[in-house]
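Commentary on secondary and tertiary structure
Next come the chains, spelled out residue by residue.
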Amino acid sequence: MFTTKMALRVSAAAMALAVALPATAAPVQIDWWYSNGGKIEEAIQGLISDFNASQSDYQIVGTRKGNYEETLAATIASYRVGQNPVILQAAERGFMTMLNANVAVPMHQLMEDNGHKLDWDDFIAPVASFFKVDGKVYAMPFNSSTPVIYYNQDLFAKAGLDAPADTYQGLDKQLHQLKEAGVGCGMVLANDYYWSMLENFSTIGDYPWATKANGFGGYDTEYVYNTTPVVDQVTRIKSWIDDGILKFAGQGMLPEQLFTNGECATYIASTGAHGTMDGITGFKWSADFLPGDEGREMRNSSIGGGSLWVMANKTPEQIKGAADFIAYIGTPEKQAWWSEQTGYVPITNAAYETMKADGFFEKHPTREIAIQQLTRGTPTDNSQGFRFGNGNESVAYLLEEMQAVWIGKKTPQEGLDAAVTRGNQVLRGYEDLYGAK
Amino acid sequence: MTMTTDTAKRRSSWWEGLLRPSDQGLKGAHFRRPGIAALLIAPQLLILLFFFFIPSWKALSLAFVQIDPFGGRQIFVGWANFTKLLTSESYRDSAVFTLWFTILQNVATLALGLILAFATSMIIKGKGIYRTFILLPYAVAPVISGVIWAFLFNPGVGPLAQLLHAMGIAWDPTLNQTDAIILVTVATVWKHICYDYIFLVAAMLAVPASLQEAAAIDGAGPLKRFFTITMPMIMPTIFFLFIMNFVHGLFETFALIDTMTKGGPAAATTTLVYKVYQDGFVNLNLGASAAQSVILMILAVVFTLLQFRAMERKVNYQV
């Protein structure tokens, strides 16, 4: 309703302008649908208005369509009637869906066709590799993140602790110390804990999540995380729930509120939560590297967040404008600004160097954790990322089975077995559809 | 001869009438020239074409394929979507929950609606105020009421959850399936009582006062009058509401569930309709979602038929 009205008003204004100034051609409108709210949305709108002010040929119009799933569903529905946006921000998990649907212009080709030379080798390794197929980039990493652990320094001091341990085994002891010191809530997890606590536990510990290099090696990949130390990790999380150490926010409130109100001592979430953390006034907080598994070498963590796709069914001018916009926000200056505003990682080394040169990380040391964690060591088959068809569906089943573990309906092993069985059915369905391609 | 005895026999069980169409009630009067009738229903049919027949055809055609969400590639899989559904544990669990949930909320809504309607019929002063108050929840959008309920009963911050905790009840709908089911059921009943209530109040007003007075003179108390006069007289309305409550529980609780539990924990509050949404719009498994829609459509058609059959027998139009 509101947007329709606004669109009407904007187009009315545009028409009035066109009548008044017949000599000036109206800028080509380019719609962009994205999924971030709050502080991040403010930064997105900042990028858009900067771009619109920097030239007069194109007008980017950004609209938040809901969360990632809702935005993708809205795009699919609108695509079927040809009303889809030019630019779509899709979650990293939707990569295969977008790639195989073959509805977007491959990013490397888009940039070449429109005269933008991007140095793909300068992109941060695990970020770029996630969106590369056969060495070519298919989507532009936009809001790239990785999970970190935020902690309440005041509560840690109360238990005589300094910083979170390097391993989950050590963290386990610390959480019990916090409890003994009278801290009512040791930990709260963001809603995407399957990503931070399970998938990243596997990548950092170099454990396979699935066969065939986590899906990079072919459609006949199979989930195997029910046979790795992920089982111990789930058992550990369950024991924290039973001991009253780990809390869930439940419907009606956001998990991060339990951390920002000073109740919970630790909060494991995306580095993109930094924007919210900066608003904390009641206590001293800091962030640290995600813990690993005891006795394992720590590898790089895996990325999350969203990437940009430019839909192929639009006019050449719109596609050209979208390419210009994407090249614009990929410049080191804009990347550095974006990263400083939101906490997301800069996607290129050049942007990272710009931020270093500005002395940004000296003032905000926790902002550097994510990029250091992403670039730690050499990526292995298990840590380079995930490539699963219908990834959303497998994750939905994993979450459902994990809830069954948390409420005591299933043991950790039973829950993971069920999640793997259901996830593999999804993979086989996808293989039926695309395997022969 | 044999024909008539057969008919008489069949007429003897009340439910048999629901299985066949009848010429009673509305159907007694009809147009002699079908052309005018067709013209009059044409606009309605056009709306149905766009909002029912085309979507239904889409659902039917999708139910037998596996398809890329954007529609670029599809393979015919026959009945596989249906067999997968019917053999899957999660679909069975969802069906069982939906069954108990609809029955529970149906009976509770009707019972509470009846009590409230009966109580307001006893009130002499300020009837309007009571009625307005009881009808208020119906004016609140389902999403808004869902958010409010979720907040009120949030184990961490909800004031009503704190009250339960103070009473020694370990209330936590995020980690306890029973609590989540109770929360969803109570909210659904709260939201739908108004609907039943307004119909029951209207039906009770239509009960002839002379009957009530005659019974009162004969010494029947309010409760006796309610059960022996009012109840039988409003039975058609109760039956109508019974069907409507089923439809409501099955198809219209989506917003409440989405805002209060998201179908969890561990799919404990996933109704069949919520599952269609999750599989179709979150998981983008359009084939499975379409197959579920087809099953639900059959259910809806059965309920609608039952309701029409019941209505045309019970409603008496005196022209």
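Residues numbered from 1 in each chain as written. Chains lettered and ligands numbered in written order. Predicted model: local features only at pLDDT ≥ 70, side-chain atom pairs only at ≥ 80, totals over all residues. Heavy atoms only, no water.

1. Notes on the pattern of salt bridges
Residue and element names in this part refer to chain A.
- This model, assessed by the stated rule, comprises 18 salt bridges over all chains.
- Among the ionic pairs, Glu92 bridges to Arg93, the shortest N-O distance being 3.1 Å. Each member of the pair, Glu92 together with Arg93, is buried.
- The closest approach of N and O atoms between Asp242 and Lys238, which form a salt bridge, is 3.0 Å. Linking Asp242 with Lys238, this pair stays in helix H11 (residues 230–242), spanning four residues, or about one helical turn.
- A relative accessible area of 16% means that Lys238 is categorised as buried.
- A network of salt bridges, in which partner residues are shared, links Glu400, Glu401, Lys410 and Arg422. (Salt bridge = Lys/Arg side-chain N within 4 Å of Asp/Glu carboxyl O. Buried < 20%, exposed > 50% of the residue type's maximum accessible area, 1.4 Å probe, protein only. Helix = DSSP H or I, 4+ residues; strand = E, 2+ residues; numbered from the N terminus.)

2. Observations regarding the interface of chain A and chain B
- At the interface, 38 residues of chain A touch 35 residues of chain B.
- For the interface between chain A and chain B, the tally reads zero salt bridges.
- The tally of links between chain A and chain B comes to seven residue pairs in polar contact (both at pLDDT 80 or more).
- Listing elements by their share of the side of chain A that touches chain B, those giving two or more residues are helix H3 (68–79), helix H4 (95–101), helix H19 (391–406) and helix H20 (412–434) of chain A.
- Sorting elements by how many residues they give to the side of chain A that touches chain B places H19(A) first, with eight residues. (Contact = heavy atoms within 4.5 Å. Polar contact = N/O pair within 3.5 Å; in protein donor to acceptor, adjacent residues only side chain to side chain.)

3. Points about the packing of aromatic side chains
Residues and elements named next belong to chain A.
- The full count for this structure, using the stated rule, is 50 aromatic pairs over all chains.
- Relative to Phe123, the ring of Trp120 has its centre 5.1 Å away and its plane inclined at 35 degrees; by these criteria the two rings are tilted. With respect to class, Trp120 is no different from Phe123; both count as buried.
- Positioned above the aromatic ring of Tyr352 is the side chain of Lys356, whose terminal nitrogen or guanidinium carbon lies 4.5 Å from the ring centre.
- Here the basic side chain of Arg422 rests over the ring of Tyr397, its NZ or CZ set 4.2 Å away from the ring centre. (Phe/Tyr/Trp six-rings, centres within 6.5 Å; stacked < 30°, edge-to-face > 60°. Lys NZ or Arg CZ within 6 Å of the ring centre and 35° of its normal.)

4. Looking at the nonpolar core
- Core analysis: the largest hydrophobic core is formed by 65 residues, its most contacted members being Trp32(A), Ile87(A), Met98(A) and Met107(A).
- Those residues in contact with Met98(A) that sit more than four places away from it in its chain are Leu72(A), Leu88(A), Ala90(A), Val103(A), Trp309(A), Met311(A) and Phe70(B).
- Core analysis: the second largest hydrophobic core is formed by 47 residues, Phe156(A), Ala159(A), Trp240(A) and Ile241(A) among them. (Core = buried A, V, L, I, M, F, W, Y, C linked by side-chain atoms within 4.5 Å.)

5. Quick look at the sheet that holds strand E6 (residues 140–145) of chain A
Residue and element names in this part refer to chain A.
- With mixed pairing, the five strands of this open sheet are ordered in space as E2-E1-E3-E12-E6. This sheet does not close on itself; its edge strands, each paired only once, are strand E2 (58–64) and E6. Adjacent strand axes in the sheet meet at a mean angle of 20 degrees when their direction is disregarded.
- As paired elements, E6 and strand E12 (residues 304–310) share five bridges and run antiparallel to each other. If you follow Met140 over to E12, its bridge partner there is Leu308.
- The strands that helix H14 (residues 316–329) touches are strand E1 (28–34), E2, strand E3 (87–91), E6 and E12; relative to E1, the one it contacts most, it runs at about 60 degrees. (Pairing = 2+ DSSP bridges. Axes fitted to C-alpha atoms, helices over the stretch in contact; angles between N-to-C directions.)

6. Some remarks on H19(A)
Residues and elements named next belong to chain A.
- For H19, built from 16 residues, the straight-helix expectation of 22 Å at 1.5 Å per residue is met to within 8% by its first-to-last C-alpha distance of 22 Å.
- For H19, the tally of buried residues reaches 13 of 16 residues, placing the bulk of the element in the interior.
- Where H19 terminates, the next one or two residues include Gly408, which has phi positive at roughly 85 degrees. (Expected span 1.5 Å × (residues − 1).)

7. Observations regarding unusual backbone geometry
Residue and element names in this part refer to chain A.
- Positive phi outside glycine occurs at Asn102, with the angle close to 60 degrees.
- The class for Asn102 is exposed, based on a relative accessible area of 62%.
- Its identity as a non-glycine residue notwithstanding, Asn390 has a phi of 50 degrees, on the positive side.
- By secondary structure assignment, the location of Asn390 is in the loop between helix H18 (369–374) and H19.
- Owing to a relative accessible area of 14%, Asn390 belongs among the buried residues under this scheme.

8. Brief notes about the pairing of E1(A)
All names here are of chain A.
- Relative to E2, E1 runs parallel, the two sharing seven bridges. Across the sheet, the residue bridging to Gln29 is Gln59, located in E2.
- Tracing the backbone out of E1, into helix H2 (residues 38–54) and back to the parallel element E2 gives a crossover that is right-handed.
- Pairing between E1 and E3: two bridges, direction parallel. Bridge pairing in E3 places Trp33 opposite Leu88. (Right-handed = clockwise from strand over helix to strand, strands pointing away.)

9. Details of the packing of H19(A) against H20(A)
Residues and elements named next belong to chain A.
- At their nearest, the axes of H19 and H20 sit 9 Å apart, and the two run at 165 degrees to each other. With respect to each other, H19 and H20 are oriented roughly antiparallel. H20 is crossed by H19, and the crossing has right-handed handedness. Here H19 contributes Glu393, Ser394, Tyr397, Leu398, Glu400, Glu401, Met402 and Val405 to the contact with H20, which in turn contributes Pro412, Gly415, Leu416, Ala418, Ala419, Arg422, Gly423 and Val426.
- Residues of the contact of H19 with H20, tallied by class, amount to nine nonpolar, three polar and four charged. (Parallel < 35°, antiparallel > 145°, perpendicular 65-115°, else oblique. Left-handed = near helix turned anticlockwise from the far one by under 90°. Nonpolar A, V, L, I, M, F, W, Y, C, P; charged D, E, K, R; others polar.)

10. Topic: the confidence of the model for chain A
- Overall, the predicted model of chain A reaches an average pLDDT of 90, with 94% of residues at or above 70.
- With pLDDT under 50 throughout, residues 17–23 of chain A is counted as low confidence; its partners more than four residues away or in other chains account for zero contacts. (pLDDT = per-residue confidence, 0-100.)

11. Describing the environment of Val107(B)
All names here are of chain B.
- Secondary-structure assignment places Val107 in helix H4 (residues 89–122).
- Under the relative-accessibility criterion, Val107 is labelled partly exposed at 49%.
- With 38 residues separating them along the chain, Val107 and Ser145 place their C-alpha atoms 21 Å apart.

12. Concerning the state of the cysteines
All names here are of chain A.
- Counted under the stated rule, the structure contains one disulfide over all chains.
- Shown here is the disulfide that connects Cys185 with Cys264, its sulfur atoms set 2.0 Å apart. Residues Cys185 and Cys264 are joined by a disulfide whose S-S torsion is about 90 degrees; by sign, that bridge is right-handed. Residue Cys185 is found in strand E8 (residues 185–189), and its partner Cys264 is found in strand E10 (residues 264–270); the two are separated by 79 residues along the sequence.
- Judged by relative accessible area, which is 0%, Cys185 ranks as buried.
- We classify Cys264 as buried; its relative accessible area is 0%. (Disulfide = S-S within 2.5 Å.)

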